[in-house]
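Here is how the chains run, residue by residue.
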Amino acid sequence: MNHMQKAAEVLAEARRIVFFTGAGISAESGIPTFRDKLTGLWAKHDPERLETADAFRENPALVWGWYLWRRRQVTVAQPNAGHHSISNLADAGWDVSVITQNIDDLHERAGVDVVIHLHGTLLKVKCFACHRPIALEPEQLSISTEGELVEPPRCSRCNGRARPGVVWFRENLPEDAWLSAVRLVSTCDVLISVGTSGVVRPAADLPEMAIRANATVIHVNLEDVSLGSDREIMLLGSAAQVLPELLRCLGVRE
Ligand code: APR
């Protein structure tokens, strides 16, 4: 039996499925991943340096401009067949939960009602100083060219600078999101990890937690990211190809 058939067999017996996704699931929607070489002007910047409060303090216009550009990329992107397969599995009756490291809204736009965003979301803006949410007008979120420096708007309450509602390196994950993710992973039958390099903790600990809770972990990735457990199945390939094929094997409409 090949890996795909084995994965379909496990899913057919399972009830509670948790999808744990990373940048790779949005790659085929045209959104660059992190550890692939950054395209364009950002090739000279290291995202792990840009995604920090220090970088924002040092050069708020550079960091805010970068996030406005990423927000624009997300706005023009469409969910791909990988995103749609996840909501189709839920529509077919499985108990499906989605935990994502991504800051885009492609899971929501593919029809997933509740998405746990461990690293926040591009669509939320908050004050860098007082952390209150900030509502911005569309014109305050527009950017025309990649690499443009844009001075962030100010908070109406404390005059602090607006920052993206994402989790930066050396910042804590939202506690409620993390606790929900741990609870789901510890009680699921199958965790399907899609398009993540598994290098950023604590998110990357979730597949191992699932294995320790006797779940089966199915990895979907272009490269082999398995951890060496006999409770893992590695499906090599792109999310937009592998996930629809998995649903076909399950007899679920793609
Ligand atoms: N289908 C499946 N997997 C893919 C595809 C694809 N089409 N394209 C790329 N991949 C895989 C790559 O092989 C890699 O393993 O997706 C993974 C992307 O890894 P990263 O770029 O490291 O993205 P991610 O794992 O989500 O990063 C985690 O790091 O920079 C921080 O906060 C950021 O949430 C991000 C976190």
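What counts and how
- Residues numbered from 1 in each chain as written.
- Predicted model: local features only at pLDDT ≥ 70, side-chain atom pairs only at ≥ 80, totals over all residues.
- Heavy atoms only, no water.
- Near = heavy atom within 4 Å.
- Polar contact = N/O pair within 3.5 Å; in protein donor to acceptor, adjacent residues only side chain to side chain.
- Areas by Shrake-Rupley, 256 points an atom, 1.4 Å probe, with all protein chains shown as cover.
- Nonpolar A, V, L, I, M, F, W, Y, C, P; charged D, E, K, R; others polar.
- Domains from an automatic or database assignment.
- Core = buried A, V, L, I, M, F, W, Y, C linked by side-chain atoms within 4.5 Å.
- Buried < 20%, exposed > 50% of the residue type's maximum accessible area, 1.4 Å probe, protein only.
- Helix = DSSP H or I, 4+ residues; strand = E, 2+ residues; numbered from the N terminus.
- Expected span 1.5 Å × (residues − 1).
- Axes fitted to C-alpha atoms, helices over the stretch in contact; angles between N-to-C directions.
- Parallel < 35°, antiparallel > 145°, perpendicular 65-115°, else oblique.
- Left-handed = near helix turned anticlockwise from the far one by under 90°.
- Contact = heavy atoms within 4.5 Å.
- Pairing = 2+ DSSP bridges.

Trainee: Break down the site of the ligand for me, with residues and values.
Mentor: As a matter of local geometry, the ligand sits amid 22 residues, with Ala23, Arg35, Thr196, Ser197 and Asn221 nearest to it. Here an oxygen atom of the ligand and a backbone polar atom of Ala23 are 2.8 Å apart. Take Glu28: an N or O atom from its side chain is 2.9 Å from a nitrogen atom of the ligand. Contact with the protein chains hides 94% of the accessible area of the ligand, taken as 730 Å² for the molecule alone. Its residues assigned to classes, the shell around the ligand shows 7 nonpolar, 11 polar and 4 charged. Each of domain 1 (1–30 + 79–119 + 172–254) and domain 2 (32–76 + 120–166) contributes no fewer than three residues to the shell around the ligand.

Trainee: Could you give an account of the nonpolar core, with specific residues and numbers?
Mentor: Counting 29 residues, the largest nonpolar core has Ile17, Phe19, Leu89, Ile192, Leu235 and Leu243 as its most contacted members. Of all elements in the fold, only helix H1 (3–13), strand E1 (16–21), helix H6 (81–91), strand E2 (95–100), strand E6 (190–194), strand E7 (216–221), strand E8 (232–236) and helix H10 (239–250) reach the threshold of two or more residues within this core. The dominant element in this core, judged by the number of residues it contributes, is H10, at 6 residues. Counting residues in hydrophobic clusters, the runner-up holds 21 residues, among them Ala181, Ala210, Ile211 and Ala215.

Trainee: Residues and numbers for helix H5 (residues 60–76), please.
Mentor: If you check H5, its first and last C-alpha atoms are 24 Å apart, about what 17 residues at 1.5 Å a residue would give, namely 24 Å. Within H5, 13 of the 17 residues are buried, which leaves the element mostly enclosed by the surrounding structure.

Trainee: An account of the packing of H6 against H10 is needed here, citing residue identities and associated values.
Mentor: Relative orientation of the contacting elements H6 and H10 amounts to 30 degrees, with a least axis distance of 7 Å. With respect to their mutual orientation, H6 and H10 come out roughly parallel. The element H6 and its partner H10 pack so that their crossing is left-handed. Residues Ala81, Gly82, Ser85, Ile86, Asn88 and Leu89 of H6 form the contact with H10, whose participating residues are Ala239, Ala240, Leu243, Pro244, Leu247 and Leu250.

Trainee: Explain the packing of H1 against H10 residue by residue, including any values.
Mentor: Viewed as axis vectors pointing N to C, H1 and H10 meet at an angle of 60 degrees, and their least axial separation amounts to 9 Å. By the angle between their axes, H1 is oblique relative to H10. Helix-helix and strand crossings are classified by hand; for H1 and H10 the assignment is right-handed. Between H1 and H10, the contacting residues are Met4, Ala7, Ala8, Leu11 and Ala12 on the first element and Val242, Glu245, Leu246, Cys249 and Leu250 on the second. Looking at side-chain class alone, the contact of H1 with H10 contains 9 nonpolar, no polar and 1 charged residues.

Trainee: Could you give an account of the sheet that holds E7, naming the residues involved and the relevant values?
Mentor: Spatial strand order, E3-E2-E1-E6-E7-E8: 6 strands in an open sheet with parallel pairing. Of all strands in the sheet, those with a lone pairing partner are strand E3 (115–117) and E8, marking the two edges. With direction set aside, neighbouring strand axes in the sheet form an average angle of 20 degrees. In the sheet, E1 pairs with E6 via 5 bridges, with the strands oriented parallel. Bridging from a neighbouring strand, Phe19 pairs with Ile192 of E6.

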